[in-house]
Amino acid sequence: MKKLTYLTLSLFSIFTFAQEVSRERVKTVLSTLASDEMKGREIGTRENENAAHYIAKLFKENNLEYCTGNSYLVPFDYHGKTVYNVCGIKKGKSDQYLGFSGHFDHIGTSDKSGDNIYNGADDDASGITTLVGIADYFKNKKPEFSMVFMAFNGEEKGMLGSRAISTDSNLDHIYNKMTALFNFEMVATESQWGKNALYMTGDGFSDLDELFNKNAVNGLKINADPYAKQQLFYRSDNVSFVKKKIIAHSFSTVDMTKASHYHHENDDINIVDFDNMTQIINNFGKTLDKLNPKNFSPKYTDQVKF
């Protein structure tokens, strides 16, 4: 009997460990998106489309369902050219959805000699890697919430992709049941609060952070927006969903007072804290595993402007 109990515990431990997202996986995904071969992933380029196909491949690896049609690629028009957002679904025990998003485009290349590639490792390959990591975490699990994973294009040109997909009526079956959207924007570096911590833009506009922190594991914490005067809440892809009155905030670790890499050629994998990112992804997954429609139903305050 003791041997059986030990075996059961051992198998449980292996299964639990197997859910953990590895540092190697995080590094592989981010490094691929931020590689020189991707040439800064500017919307409308071949490399941008290659990035979209790579994300679709990652979604397929996680056995996600299509959000609409027969592909993870959701097309929209950019100056007469077809470009793509990427979208996948993980069905949970409830038909209520949590959304996870980030943007995969960046600003391309410059005319400088030497290093002229804006790799966009932090902005926002890190956000895409985070949402892929969450999909990885839940690959062999059935979460309480259903989940939708969205990789937006064209953020750098004015949030074009999130605007397009948020107004796509083919996805209304998801949006009408969306409890909240977590938009990850620049999470590659250690926050001003140290490791295992993020901040939420527009924290005074809803109680999402309070409800999340009540269930947060292993010391993970979402902090208040230290840049409230900069109105970041209204300047990232989450705002496309705010306009639909969906609870939607951006989550970041970047210290804007020290972010010398922002929109510079040195935003490459050398600035990424892979240990911290891996810790955040796994603790995010473990916290999400505790959330359900009864204990997590955030509401907007009367301060938000739709």
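Above this text you will find the structure in question.
Residues numbered from 1 in each chain as written. Predicted model: local features only at pLDDT ≥ 70, side-chain atom pairs only at ≥ 80, totals over all residues. Heavy atoms only, no water.

Asks: Is there a simple way to explain helix 2 (residues 23-33) in this structure?
Replies: Residues lying three or four places apart along an α-helix face the same way, a consequence of the helix completing one turn every 3.6 residues. The set of residues buried in helix 2 consists of V26, V29, L30 and L33. One side of helix 2 holds all its buried residues, which, seen down the axis, span an arc of 90°. The inward-facing, buried residues of helix 2 abut helix 3 (46-61), helix 4 (121-137) and helix 9 (274-288). (Buried < 20%, exposed > 50% of the residue type's maximum accessible area, 1.4 Å probe, protein only. Helix = DSSP H or I, 4+ residues; strand = E, 2+ residues; numbered from the N terminus. Arc of directions from axis to C-beta. Contact = heavy atoms within 4.5 Å.)

Asks: How should the side chain of H249 be read in this particular structure?
Replies: As for its position among the elements, H249 is in strand 9 (residues 248-252). Separated by 2.7 Å, the side chain of H249 and the backbone oxygen of T201 make a polar contact. Polar side-chain contacts of H249 include one of 2.8 Å to the side chain of S206. Non-local contacts of H249, meaning those with residues more than four positions away in its chain, are made with L181, F182, N183, M200, T201, G202, F205, S206, L208, F233, N238 and Y300. (Polar contact = N/O pair within 3.5 Å; in protein donor to acceptor, adjacent residues only side chain to side chain.)

Asks: Just checking my understanding: could you explain the layout of surface pockets for this structure?
Replies: Over the atoms a probe the size of a water molecule is rolled, and this reveals where empty space is left. Here the largest pocket is characterised by a volume of approximately 340 Å³. Contributing to the lining of the largest pocket are 18 residues, with E185, M186, L232, R235 and Y262 lying nearest its centre. Each residue belonging to the lining of the largest pocket can be placed in one class, and the counts come to 6 nonpolar, 7 polar and 5 charged. (1 Å grid on protein atoms, 1.4 Å probe; cavity = no way out; pocket = protein on both sides within 12 Å on 5 of 7 lines; lining within 4 Å. Points joined across faces, edges and corners; volume = space filled by probe spheres on them. Nonpolar A, V, L, I, M, F, W, Y, C, P; charged D, E, K, R; others polar.)

Asks: Can you help me understand the packing of aromatic side chains in this one?
Replies: To describe a pair of aromatic rings, you give the distance between the ring centres and the angle between the ring planes. Going through the model one piece at a time under the given rule, you end up with 22 aromatic pairs. Ring centres of Y300 and F306 lie 5.3 Å apart, and the angle between their planes is 75°; this geometry places the pair in the edge-to-face category. Take Y300: its relative accessible area is 17%, and that puts it in the buried class. An aromatic cluster of three or more residues is present, and its members are F59, Y66, Y72, F100, F145, F149, F182, F184, F212, F251, F284 and F296. (Phe/Tyr/Trp six-rings, centres within 6.5 Å; stacked < 30°, edge-to-face > 60°.)

Asks: Even after reading the chapter, I still don't get the state of the cysteines, so can you show me in this structure?
Replies: Simply put, disulfide is the name for a covalent bond between the sulfur atoms of two cysteines. Enumeration according to the criterion identifies 1 disulfide in this entry. Linked covalently through their sulfurs, C67 and C87 form a disulfide whose S-S length is 2.1 Å. Disulfide C67-C87: torsion about the S-S bond near -80°, hence left-handed. Residue C67 is found in the loop between strand 1 (65-66) and strand 2 (73-78), and its partner C87 is found in strand 3 (residues 81-90); the two are separated by 20 residues along the sequence. (Disulfide = S-S within 2.5 Å.)

Purely geometric numbers; function is a separate question.
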